[in-house]
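The chain contents come next:
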Amino acid sequence: LHWVGEPTLHPDLPAILRVIDGLGLGFALVTNGIRFLPSLGDLAARLRGTRLVSFSFNAATAATFRVVNNSMQYERVYAHVEHLLEQRRRVGRTDEIGVAVTFVVLKENLDEAVAFRDYWFDIFRRHGAEPSLCFNGVGAATASQVMFMREAGVFPLAERNFLEARARLGVG
């Protein structure tokens, strides 16, 4: 449930999710995590229709999170992801509900990409899950920054997809 905007701002989101679930349909949520309260995490873990919850972050530190997201909710947002991971494990749905974190690469946060990767790899593994991370938004990064990310093992998904598409088409 997302195109442009934040689905957790809708006051009836829990009721909407229950209706979708009651119809036997699956759904995915893409959120910045600020309003993804523990009660919503509990509900998402219980509903059979939940297929994916993807949290879009742009920072690995509270200071950068404040700058990039104009929010002081860094600790709260990270705690919401951990809560969902734990609830998913508790109800035995680790293999059924995808949880992902996305790092949008910007000039302001590029130096945090490796720390972001390492932090979330540790968190996912601590909760018995395979890490699901996505790095994208390389348009704001310079060629040297992209090279740094490649060497650090943090290869932007958008660039990888672009290169794979070019290879399939046989373009240099």
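Up top is the structure these notes are about.
Residues numbered from 1 in each chain as written. Predicted model: local features only at pLDDT ≥ 70, side-chain atom pairs only at ≥ 80, totals over all residues. Heavy atoms only, no water.

1. Points about helix 5 (residues 113-126)
Think of an α-helix as turning once every 3.6 residues; residues three or four places apart then point the same way. Rule in force here: Numbering of helices and strands runs from the N terminus; a helix is a DSSP stretch of H or I covering at least four residues, while a strand is a stretch of E covering at least two. Any helix carries an expected span of 1.5 Å times its number of residues minus one. When a residue's accessible area, from a 1.4 Å probe over protein chains only, is under 20% of the maximum for its type it is buried; when over 50% it is exposed; and in between it is partly exposed. Note: the arc covers the axis-to-C-beta directions of the helix.
For helix 5, spanning 14 residues, the distance from its first C-alpha to its last is 20 Å, which sits close to the expected 20 Å at 1.5 Å a residue. Every buried residue of helix 5 is accounted for by Ala113, Phe116, Arg117, Trp120, Ile123 and Phe124. One side of helix 5 holds all its buried residues, which, seen down the axis, span an arc of 140 degrees. Residues of helix 5 that are exposed and angled more than 90 degrees away from the buried face: Arg125 and Arg126.

2. Remarks on the packing of aromatic side chains
Rules: Each aromatic pair joins two rings of Phe, Tyr and Trp (for Trp, the six-membered one) with centres within 6.5 Å, and gets the label stacked for planes under 30 degrees apart, edge-to-face for over 60, and tilted for any other angle.
For the coordinates displayed, the defined rule picks out 12 aromatic pairs. With centroids separated by 5.4 Å and ring planes inclined at 45 degrees, the aromatic side chains of Tyr78 and Tyr119 adopt a geometry described as tilted. Separated by 41 residues along the polypeptide, Tyr78 in helix 4 (residues 74-90) and Tyr119 in helix 5 bring together distant segments of the chain. Plain terms: the ring middles of Phe103 and Phe116 are 4.8 Å apart, the flat faces sit at 50 degrees to each other, and that makes the pair tilted. Highlighted residues: Phe103 in strand 3 (residues 98-104) and Phe116 in helix 5, separated in sequence by 13 residues. Aromatic ring contacts, followed pair by pair, group Phe36, Phe55, Phe57, Phe65, Tyr74, Tyr78, Phe103, Phe116, Tyr119, Trp120 and Phe124 into a single cluster.

3. Examining the environment of Ala115
Following the sequence through the fold, Ala115 ends up in helix 5. Judged by relative accessible area, which is 43%, Ala115 ranks as partly exposed. Separated by 54 residues in sequence, Ala115 and Thr61 place their C-alpha atoms 8.9 Å apart.

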